[in-house]
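Per-entry structural report
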Amino acid sequence: MTMRADRRMARRLAALVAAPALLLAACGGDDDSASGLLTMATGSTGGTYFPLGGAMAQVWSNEIDGLRVSTQASGASTDNIELLSAGEVDLILSINGSAGRAVAGTGEFDGQDHDVMFLGNIYREVNQIVARADANIETVEDLDGRRVAIGPPGSGTAIFAEALLDRAGIDVDVFQDTFGEAADRLRDGSIDASFGILAFPAGSLEEVANSVDLTLVSLEGDLLQQTLADDGTLAEFEAPAGTYTGIDEPATLVSNWAALYATSDLDEDTAYDIVRVLYEQNEIIAEAHAVGGEIQIDTATDAIGDIPVHPGAERYYEEVGALE
């Protein structure tokens, strides 16, 4: 697999590409009464994390006395975990597969020690591989030798894509663009296909589908089974025909949970309030971003695995009966 830039350097550069912070005063408070300012790393501007994180930050800032939350763009899951461990941010969004590997010190975090604590599931993300219809790509194996955007450096999408391509034993010409840039490349034909761990359906992909004919690329047979066996946080996901304009065939994909994380340094009462407001004010978040409708207490602690739950979050979940 050819890489267009040193991956480690690209990951650190991605961390520096911060969007203007969304900084909102807490409802009913003033500067003198404010007791906390937190920063949350989200994702690239073309993905789901960035706008969703902004909506979440606004609700926390409005609903929790003395708390302000700002957001910044980043390389998403893997990059966010590194930012969190470095103390550069206080909260992050990440897929649970990346967080689980960080806690275990495996995969892209091999031999590393990361203080990552679970706060709550946000929504189910689906790894969507889309290709231009004129590229005649139907399965992962058809990507061999093609121009493929695998996701921003440091993102869970890129980690998943690299592992899947290695597992399939194929070589591609790699582009590591943001999701927005990848969408533009699909439109102008400078790439053949793109990976994206995104909400389903993804608005950015629907916009592309309205411009050019696309296909959803399926994981099939032994490759699908081995992928599921290699990562217990993944589940098979059937994408129905007609999800996107012009895509008339169903596809077999895999999904994962996007979740909120902090470190053990986050104050227990603050963590409690963040989780409480996240699930009790989820309808307000959903008004700002549609995927907020998936923030549900019934699935708040699904697929945690061996990731430790923050004591503040645990206290709330015990109160509402969300932990077994």
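Scroll up for the structure.
Notes on the structure follow. Keep in mind that this is a model prediction, so the values were computed, not measured.

Here we come to the packing of aromatic side chains. Taken as a whole and assessed by the stated rule, the structure comprises 6 aromatic pairs. Residues Phe200 and Phe237 carry aromatic rings whose centres are separated by 5.0 Å and whose planes lie at 70° to one another, so their mutual orientation is edge-to-face. You can see Phe200 sitting in the loop between strand E7 (193–198) and helix H7 (203–209) and its partner Phe237 sitting in strand E9 (residues 235–239), a full 37 residues away along the chain. Among the residues examined, Phe200 registers a relative accessible area of 17% and is labelled buried. Within the aromatic cluster, the residues linked to one another by ring pairs are Tyr272, Tyr279, Tyr316 and Tyr317. A cation over an aromatic ring shows up here: Arg315 above the ring of Tyr272, its NZ or CZ 4.4 Å from the ring centre.

Another aspect to go through is a negative patch on the surface. Among the surface-exposed residues, Glu138, Glu141, Asp142, Glu220, Asp248 and Glu249 lie close enough to one another that they form a single negatively charged patch. Considering the arrangement of structural elements, one finds Asp248 in the loop between E9 and strand E10 (251–262).

Further remarks concern helix H9 (residues 268–280). With 13 residues, H9 should cover 18 Å at 1.5 Å per step; its first-to-last C-alpha distance of 18 Å lies within 8% of that length. Residues Ala271, Tyr272, Ile274, Val275, Val277, Leu278 and Tyr279 constitute the buried set of H9. One side-chain oxygen of the residue at the start of H9 lies 3.1 Å from the amide nitrogen of Asp269, identifying that residue as Asp267.

For the coordinates displayed, the defined rule picks out 12 salt bridges. Where Arg147 meets Asp192, a salt bridge forms, and the shortest distance between an N and an O atom there is 3.0 Å. Residue Arg147 is found in strand E5 (residues 147–149), and its partner Asp192 is found in the loop between helix H6 (179–188) and E7; the two are separated by 45 residues along the sequence. With relative accessibility at 11%, the residue Asp192 sits in the buried group. The salt bridge involving Asp184 is made with Arg187; its shortest N-O contact spans 2.7 Å. Of this pair, Asp184 and Arg187 both sit in helix H6, 3 residues apart, which is roughly one turn of the helix. Owing to a relative accessible area of 44%, Asp184 belongs among the partly exposed residues under this scheme.

For an α-helix the count is 3.6 residues per turn, leaving residues at separations of three or four pointing the same way. If you check helix H2 (residues 49–63), its first and last C-alpha atoms are 21 Å apart, about what 15 residues at 1.5 Å a residue would give, namely 21 Å. Of the positions making up H2, those classed as buried are Tyr49, Leu52, Gly53, Gly54, Ala55, Met56, Ala57, Val59, Trp60 and Ser61.

What counts and what doesn't
- Residues numbered from 1 in each chain as written.
- Predicted model: local features only at pLDDT ≥ 70, side-chain atom pairs only at ≥ 80, totals over all residues.
- Heavy atoms only, no water.
- Phe/Tyr/Trp six-rings, centres within 6.5 Å; stacked < 30°, edge-to-face > 60°.
- Helix = DSSP H or I, 4+ residues; strand = E, 2+ residues; numbered from the N terminus.
- Buried < 20%, exposed > 50% of the residue type's maximum accessible area, 1.4 Å probe, protein only.
- Lys NZ or Arg CZ within 6 Å of the ring centre and 35° of its normal.
- Patch = residues over 30% accessible without salt bridge, like charges linked within 9 Å, V, L, I, M, F, W, Y side chains within 5 Å.
- Areas by Shrake-Rupley, 256 points an atom, 1.4 Å probe, with all protein chains shown as cover.
- Salt bridge = Lys/Arg side-chain N within 4 Å of Asp/Glu carboxyl O.
- Lys, Arg positive; Asp, Glu negative; His and termini not counted.
- Charge placed at Lys NZ, Arg CZ, Asp CG, Glu CD.
- Expected span 1.5 Å × (residues − 1).
- Polar contact = N/O pair within 3.5 Å; in protein donor to acceptor, adjacent residues only side chain to side chain.

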